[in-house]
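Structure at a glance
Residues per chain are reported as follows:
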Amino acid sequence: MQLGMIGLGRMGRNMVRRLMRGGHACVVFDLNAQTVKQCEQDGATGSASLDELIQRLTPPRAVWVMLPAGAATDETVTALAERMDADDIILDGGNSHFKDDIRRAKALRPKGLHYVDVGTSGGVWGVERGYCLTVGGEQEPVRRLDPIFRTLAPGKGTIPETPGRESMDSTAEQGYLHCGPAGAGHFVKMVHNGIEYGLMQAYAEGFDILRSTGASGLDYHYELNLPDIAEVWRRGSVVGSWLLDLTAIALAESPELAEFSGEVQDSGEGRWTIATAIEEAVPAEVLSAALYARFRSRQAHTFAEKVLSAMRFKFGGHVEPPQT
């Protein structure tokens with residue numbers, strides 16, 4: 001297929017690379033002209049403007065927006081809608097709020113344009129590992145885009161099949177899923193990221209407890225090797241996960257995580273998950289506590305917060321804000 005990609009940041013450019021490896025043609029645009037040139041060197045067709053990108057796509061077009069949630073995505077979707085024709089598709093693969101997706105889909109419908117939201121998880125590793133995709137939108141345009149989703153997704157890989165799913169006809173085993181109408185994809189991704197906060201916080205606090213066994217006043221004292229503990233937990237433990245894999249890498253590289261201050265940002269989805277839990281009257285004690293821990297990390301830093309910061313850097317390339 002042919003796909004337009006707007007936004008060539010940490011994930012956008014790697015997604016273009018994976019798509020081209022899978023035989024798709026990509027037309028790209030970014031405000032950073034140098035990044036566009038780099039994608040051209042990889043084999044993409046570069047564009048100097050939105051108008052040029054639209055001109056280089058063959059109708060019916062599909063354009064994927066991979067920009068920060070909020071104004072940047074809203075303005076780009078609006079600008080694309082002014083330039084695109086009926087039956088074209090606009091995809092948002094950033095971390096937009098699901099209610100924004102519902103609003104955009106409704107606004108584009110009278111123009112005959114299709115809107116598809118794609119919760120995209122995979123971080124800076126996705127070009128090799130693939131991206132877990134949760135998709136929202138109308139059936140027909142989602143079906144039309146299936147070759148794109150199938151290429152970006154990890155595929156079955158070496159993960160064993162889940163017992164009991166043998167007769168289920170689903171793309172979930174391939175690593176992508178049409179979750180429902182507009183907003184459903186980002187809704188599922190929002191909750192995914194809320195859960196991620198809780199998992200990360202649990203690992204971080206656990207390693208902080210392990211590290212603190214040498215504190216004065218205790219009636220026990222252990223000199224525990226945190227890199228080795230992270231590694232042994234990866235081997236058959238019930239707490240094994242990719243997040244633990246990344247923690248093990250970070251600790252092997254720097255056992256004290258001295259290069260991390262421990263200031264941990266949040267990118268919005270954790271807050272939205274808690275707000276949604278409140279709307280639905282669903283108790284979410286662990287996820288709420290994990291979000292508040294990130295707020296507190298900006299005032300005083302513990303080793304747990306260094307572990308959190310290290311994990312964010314490892315899976316997403318998130319760099320701590322400069323110290324003032």
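What follows deals with the overall build of the protein. Scanning the protein from terminus to terminus reveals 14 helices and eight strands. Relative to the globule expectation of 20 Å for 324 residues, the C-alpha radius of gyration of the protein, 21 Å, shows essentially globular dimensions. Pairs at least 24 apart in sequence give 68% of the contacts found in the protein among residues at least 6 apart. Element-wise, carbon and sulfur atoms account for 55% of the exposed surface of the protein, whose accessible area totals about 16000 Å². Of the charged side chains in the protein, 32 are positive and 42 negative, and the gap between their average positions amounts to 4 Å.

Our focus in this paragraph is the environment of D101. Looking at the element boundaries, D101 is found in helix α5 (residues 98-108). The residues contacting D101, other than those within four sequence positions of it, are D92, S96, Y115, D117, A182, G183 and H186.

Looking now at unusual backbone geometry. Backbone phi values are negative for most residues with the exception of glycine, while trans is the configuration of most peptide bonds. For the bond from P59 to P60, the omega torsion is -10°, close enough to zero to count as cis. Here P60 is to be found in the loop between α3 (50-55) and β4 (62-65). Positive phi values are uncommon outside glycine, yet D87 reaches one of about 80°. Mapped onto the elements of the fold, D87 is located in the loop between α4 (71-83) and β5 (89-92). Despite not being glycine, L257 has its phi angle at roughly 50°, a positive value. Positionally, L257 belongs in the loop between α11 (242-253) and α12 (269-280).

Another point: the packing of helix α9 (residues 184-211) against helix α14 (residues 303-316). One can describe the packing of α9 onto α14 by two numbers: an axis separation of 8 Å at closest approach and a directional angle of 135°. The orientation of α9 relative to α14 falls into the category oblique. Here α9 and α14 pass one another in a crossing that is right-handed. Listed contacts from α14 to E196, M200, Q201, Y203, A204, E205, F207, D208 and R211 of α9 are F303, A304, V307, L308, M311, R312 and F315. When the residues that make up the contact of α9 with α14 are grouped by side-chain class, the tally is 10 nonpolar, one polar and five charged.

Counting buried residues in strand β7 (residues 132-136) gives four out of five residues, a clear majority hidden from the surface. Sheet topology note: the strand β6 (residues 114-121)/β7 ladder contains five bridges and is antiparallel. Directly across from G119, in β7, lies its bridge partner T134.

Let's shift gears to the nonpolar core. M5, V28, W64, L91, V116 and F149 are the most contacted members of the largest nonpolar core, which totals 31 residues. For W64, the contacting residues outside a window of four places in its chain are L3, G4, M5, I6, M15, L91, G93, V118, T120, I148, F149 and L152. Counting residues in each nonpolar core, the second largest holds 24 residues, with L210, L244, V264 and F303 among its members.

So, about the sheet that holds strand β8 (residues 176-180). Taken together, eight strands build an open sheet; the order of strands is β3-β2-β1-β4-β5-β6-β7-β8 and the sheet is mixed. Looking at strand neighbours, the two that pair on one side only are β3 (45-46) and β8, the edges of this open sheet. Direction of pairing for strand β2 (residues 25-29) relative to β3: parallel, over a ladder of two bridges. The residue of β3 that forms the bridge with V28 is G46. The sheet contacts of α5 involve β5 and β6, and relative to β6 the element is tilted by about 155°.

Right, let's get into the pattern of salt bridges. Applying the stated criterion across every chain yields a total of 27 salt bridges. Notably, a salt bridge pairs R103 with D74, separated by 3.0 Å at the nearest N-O pair. You can see R103 sitting in helix α5 and its partner D74 sitting in helix α4, a full 29 residues away along the chain. Judged by its relative accessible area of 41%, R103 falls in the partly exposed class. Among the salt bridges present, the one from R104 reaches D101, with a minimum N-O distance of 3.7 Å. Residue R104 and its partner D101 are both found in helix α5; the two are separated by three residues, about one turn of the helix. Take D101: its relative accessible area is 0%, and that puts it in the buried class. A network of salt bridges, in which partner residues are shared, links D74, D92, D100, D101, R103 and R104.

Cut-offs applied
Residues numbered from 1 in each chain as written. Predicted model: local features only at pLDDT ≥ 70, side-chain atom pairs only at ≥ 80, totals over all residues. Heavy atoms only, no water. Helix = DSSP H or I, 4+ residues; strand = E, 2+ residues; numbered from the N terminus. Rg over C-alpha atoms; globule rule 2.2 N^0.38 Å. Contact = heavy atoms within 4.5 Å. Areas by Shrake-Rupley, 256 points an atom, 1.4 Å probe, with all protein chains shown as cover. Lys, Arg positive; Asp, Glu negative; His and termini not counted. Charge placed at Lys NZ, Arg CZ, Asp CG, Glu CD. Axes fitted to C-alpha atoms, helices over the stretch in contact; angles between N-to-C directions. Parallel < 35°, antiparallel > 145°, perpendicular 65-115°, else oblique. Left-handed = near helix turned anticlockwise from the far one by under 90°. Nonpolar A, V, L, I, M, F, W, Y, C, P; charged D, E, K, R; others polar. Buried < 20%, exposed > 50% of the residue type's maximum accessible area, 1.4 Å probe, protein only. Pairing = 2+ DSSP bridges. Core = buried A, V, L, I, M, F, W, Y, C linked by side-chain atoms within 4.5 Å. Salt bridge = Lys/Arg side-chain N within 4 Å of Asp/Glu carboxyl O.

Shape descriptors only; they carry no functional weight alone.
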